Amino acid sequence: RTEATSRRYEASVLSPQLIVVSPLVRAIQTALLTFTDHIYVNEEGNEKEKIQLIAHEGCREQLGLLTCNKALPLSQTKNDYPEVDFSLVTHDED
């Protein structure tokens, strides 16, 4: 989290058109922290175009024994991160 937050300024000067992220929770959390200036309305309340955040299985690690590399049930992840488009994720619920 510290590294993602420290990269926020660097990301804020970019002009992404789309952010594609792994459907794993830790990857979503990293993207939300790093690209928060592109995803949310700024603190002054000025509207700006929000960049679409899409989860895609092609970005997901395939191997690993760490719990953080395991997918949670898709329904739970969708509920926890409504700002992410999960329409391209096809892994099973459990």
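Residues numbered from 1 in each chain as written. Predicted model: local features only at pLDDT ≥ 70, side-chain atom pairs only at ≥ 80, totals over all residues. Heavy atoms only, no water.

### So, the environment of Gly 58
Structurally, the position occupied by Gly 58 is in the loop between β2 (52-55) and α5 (74-80). Residue Gly 58 is classed as exposed on the basis of its relative accessible area, which comes to 64%. Measuring from C-alpha to C-alpha, the distance between Gly 58 and Val 20 comes to 9.6 Å, with 38 residues separating the pair along the chain. (Helix = DSSP H or I, 4+ residues; strand = E, 2+ residues; numbered from the N terminus. Buried < 20%, exposed > 50% of the residue type's maximum accessible area, 1.4 Å probe, protein only.)

### Focus: the nonpolar core
Ranked by internal contacts, the top residues of the largest apolar core, which has 16 residues, are Val 21, Ile 28, Leu 32, Leu 53, Tyr 81, Val 84 and Phe 86. Breaking this core down by element, the ones donating at least two residues are β1 (18-21), α3 (25-34) and β2. Looking at this core element by element, the count peaks at five residues for α3. Those residues in contact with Phe 86 that sit more than four places away from it in its chain are Ile 28, Ala 55, Leu 74, Thr 77, Lys 78 and Tyr 81. (Core = buried A, V, L, I, M, F, W, Y, C linked by side-chain atoms within 4.5 Å. Contact = heavy atoms within 4.5 Å.)

### Some words on the pairing of β2
Alignment of β1 against β2, held across four bridges, turns out to be parallel. Within the sheet, the bridge partner assigned to Ile 19 lies in β2 and is Leu 53. Here β2 pairs with strand β3 (residues 84-85) via two bridges, running parallel. Each residue of the ladder has a partner; that of Ile 54, found in β3, is Asp 85. (Pairing = 2+ DSSP bridges.)

### Considerations on a nonpolar patch on the surface
Together, Tyr 9, Val 13 and Leu 14 give the surface a local cluster of nonpolar side chains, amounting to about 360 Å² of exposed area. Take Leu 14: it is sitting in the loop between α2 (8-12) and β1. (Patch = residues over 30% accessible without salt bridge, like charges linked within 9 Å, V, L, I, M, F, W, Y side chains within 5 Å. Areas by Shrake-Rupley, 256 points an atom, 1.4 Å probe, with all protein chains shown as cover. Salt bridge = Lys/Arg side-chain N within 4 Å of Asp/Glu carboxyl O.)

### A closer look at the sheet that holds β1
Spatial strand order, β1-β2-β3: three strands in an open sheet with parallel pairing. The strands lining the two open edges of the sheet, one partner per strand, are β1 and β3.

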